[in-house]
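What the coordinates show
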Amino acid sequence: MAELARFAKMNGLGNAIIVADMRGRSDRVTPDAARALAADQVTTFDQIMAIYDPVVGGTDNYIEILNCDGTQAQACGNGTRCVVQALAAETGRKTFTFETKAGILTAEEHEDGRISVDMGKPRFGWKEIPLAEEFADTSRIELQVGPIDAPIVHSPSVASMGNPHAIFWVDGDVNEYELDRFGPLLENHPIFPEKANITIAQVTSPETLTMRTWERGAGLTLACGSAACATAVSAARTGRTGRRVTVTLPGGDLEIYWREDDHVIMTGPAEWEFAGRFDPLTGDWQRETEGVA
Ligand SMILES: N[C@@H](CCC[C@H](N)C(=O)O)C(=O)O
């Protein structure tokens, strides 16, 4: 068995996160280990945030993100807040810079314990999202679920926050839609060559949105930070809201500000649950502290 790595089980608005401390190690968290930890009732998670030594100068760490099915994600807003809280508790520092597959992110823990992450710039080009075919206007693409003359949801806005997102706008309560039924179909629709995170969103005022997300590689979650960012910028881009909104997800609220310099700032909480050690090759693990679960 390899030397065990430390981890913290955490959550960001109920989005279940494992923060894996891989600093100073030459091995990686394997997809098999991710699937094994996901299958265990106690460690089950939506994303692993594996913290590695920095690769790029000027950054604190390189972070690799694994979904619970073992696939990699480019961005994870809720998980990034969890990483910041864990590192701030360890170091006493308040600001961090990370490299991810989505690019370089900066983040800050505030006095009230909430954490802001600069999630970078959204991208709307069809090749950048990516889509399988050209759409000149990605604020409303042709795609629907249900009968042609009576679709259940249709015409999503699509955007990349480093990872691909489709947002279906609805007038009624987002809880009334069977996202668990059509989410997987849309996630795997051929229009999304790298699959997509699927959100249904209701605009409740020019400053507020309510949404639920079926996550690529993870399924229904209580919150998805990058989806909240993609939804907020798509709402502002289409004139549904202003650039500063409160987004209500099943797990709670996030504040999203699409700044004038095009960067998207996400602010919200993170919560520590318990700590353990695990084998990054197999996912075998042991508890180190008492805590929730
Ligand atoms: N929960 C995350 C997003 C997770 C990544 C997603 N499943 C993907 O594969 O793109 C968040 O808070 O942003």
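Note that the structure is a prediction, hence the values are computed from the model and not measured.

What the protein contains, in helices and strands, is 4 helices and 20 strands. Relative to the 2.2 N^0.38 estimate, which gives 19 Å for 293 residues, the radius of gyration of the protein is 18 Å and therefore close to what a compact globule would have. The principal-axis extents of the C-alpha atoms in the protein amount to approximately 60 × 35 × 35 Å. Considering only intrachain contacts with a sequence separation of at least 6, the fraction spanning at least 24 residues in the protein is 63%.

To continue, consider the domain arrangement of the protein. Partitioning the protein into structural domains gives domain 1 (5-120 + 270-287) and domain 2 (144-262). Between the C-alpha centres of domain 1 and domain 2 there is a distance of 24 Å. Counting residues at the interface gives 21 residues for domain 1, matched by 19 residues for domain 2. Class assignment of the residues belonging to the side of domain 1 that touches domain 2 gives a composition of 7 nonpolar, 11 polar and 3 charged.

Owing to its 3.6 residues per turn, the α-helix aligns residues three or four sequence positions apart on the same side. Turning to helix H1 (residues 31-39), its buried residues number three or more, namely Ala33, Ala34, Leu37 and Ala38. All buried residues of H1 lie within an arc of 135° about the axis, which places them on one face of the element. Against the buried residues of H1 lie strand E2 (15-21), strand E3 (47-52), strand E4 (61-67), strand E19 (271-278) and strand E20 (285-287).

Here we come to the UniProt feature "binding site: substrate" (unreviewed entry) in the protein. Taking the UniProt record as the reference, the feature "binding site: substrate" (unreviewed entry) is found at Asn15, Gln47, Asn67, Gly77, Asn78, Asn163, Asn197, Glu215, Arg216, Gly225 and Ser226. Following the sequence through the fold, Gln47 ends up in strand E3. In this structure, Gln47 is in contact with Ile17, Ile65, Leu66, Asn67, Ala73, Cys76, Gly79 and Ala218, ignoring residues within four places of it in sequence. In this fold, Ser226 is placed in helix H4 (residues 225-237). Ignoring sequence-local partners within four residues, the contact set of Ser226 consists of Ala75, Cys76, Gly77, Met119, Met161, Gly162, Asn163 and His165.

Okay, the site of the ligand next. What surrounds the ligand is a group of 20 residues, the closest being Ala73, Asn78, Asn163, Gly225 and Ser226. At the level of secondary structure, the elements contributing two or more residues to the shell around the ligand comprise helix H2 (77-91) and H4. Counting residues per element, the shell around the ligand draws most heavily on H2, which supplies 3 residues. When residues are assigned to domains, the shell around the ligand turns out to be shared by domain 1 (5-120 + 270-287) and domain 2 (144-262), each giving three or more.

Right, let's talk about the nonpolar core for a bit. Among the nonpolar cores identified, the biggest contains 82 residues, and Val19, Ala20, Met49, Ala228, Cys229, Ala232 and Ile256 are the most heavily contacted of them. Taken domain by domain, the makeup of this core includes at least three residues from each of domain 1 (5-120 + 270-287) and domain 2 (144-262). Ignoring any residue separated from it by four or fewer positions in sequence, one finds Ile256 in contact with Ala228, Cys229, Ala232, Val245, Val247, Val264 and Met266.

Across the protein, the average pLDDT comes to 97, with 98% of residues at 70 or higher. In the predicted assembly, ipTM is 0.97 and pTM is 0.97.

Our next topic: the pairing of strand E8 (residues 115-118). Strand residues, when the strand is regular, have side chains that alternate between the two faces of the sheet. Across the two faces of E8 the burial differs, with Ile115 and Val117 buried and Ser116 and Asp118 not buried at all. A loop of 5 residues connects strand E7 (residues 103-109) with E8, the two strands running antiparallel in sequence, and Gly113 in this loop sits at a positive phi of about 90°. By the bridge criterion, 4 bridges tie E8 to strand E18 (residues 264-268) in an arrangement that is antiparallel. Bridging across to E18, Val117 finds its partner in Met266.

Turning next to the pairing of strand E1 (residues 5-12). Burial of E1 is extensive: 7 of the 8 residues sit out of reach of the surface. Across 7 bridges, E1 lies against E19 in antiparallel orientation. Directly across from Phe7, in E19, lies its bridge partner Gly276. Bridge count between E1 and E2: 7 bridges; the pairing is antiparallel. Across the sheet, Arg6 pairs through a bridge with Asp21, a residue of E2. Count of turn residues in the E1/E2 antiparallel hairpin: 2 residues, of which Leu13 carries a positive phi of about 55°.

All right, on to the environment of Gln286 then. Within the secondary structure, Gln286 is located in strand E20. Residue Gln286 is classed as exposed on the basis of its C-beta count, with 9 C-beta atoms lying within 10 Å. The spatial distance from the C-alpha of Gln286 to the C-alpha of Ala275 is 8.9 Å, given a sequence separation of 11 residues.

So, how was this worked out
In every chain, residue numbers begin from 1 and rise along the written sequence. Side-chain atom pairs in this predicted model are given and counted only at pLDDT of 80 or more, local residue features only at pLDDT of at least 70, and totals for whole chains, interfaces and linings cover all residues. Every helix listed is a DSSP run of H or I at least four residues long, and every strand listed is a run of E at least two residues long, numbered separately from the N terminus. For this measure, only C-alpha atoms enter the radius of gyration; the expected value for a globule follows 2.2 Å times N^0.38, where N is the number of residues. By definition, residue pairs are in contact when their C-beta atoms, positioned from the backbone, come within 7 Å. These domain limits were set by an automatic method or by a database of domain assignments. Asp, Glu, Lys and Arg are counted as charged, while Ala, Val, Leu, Ile, Met, Phe, Trp, Tyr, Cys and Pro are counted as nonpolar; the rest, among them Gly, fall into the polar class. Three classes are used. A residue is buried when 20 or more other C-beta atoms lie within 10 Å of its own, exposed when 12 or fewer do, and partly exposed in between, with C-beta atoms placed from the backbone. This arc is built from the directions going out from the helix axis to the C-beta atoms. UniProt positions are given in the numbering used here, feature names are shortened, and annotations may be inferred rather than shown by experiment. Proximity of a residue to a molecule or strand is defined by its backbone-placed C-beta atom lying within 6 Å of that partner. Nonpolar cores are identified as sets of buried Ala, Val, Leu, Ile, Met, Phe, Trp, Tyr and Cys residues joined via C-beta atoms within 7 Å. Per-residue confidence from the predictor is reported as pLDDT, which spans 0 to 100. When DSSP finds at least two bridges between two strands, those strands are taken to pair.

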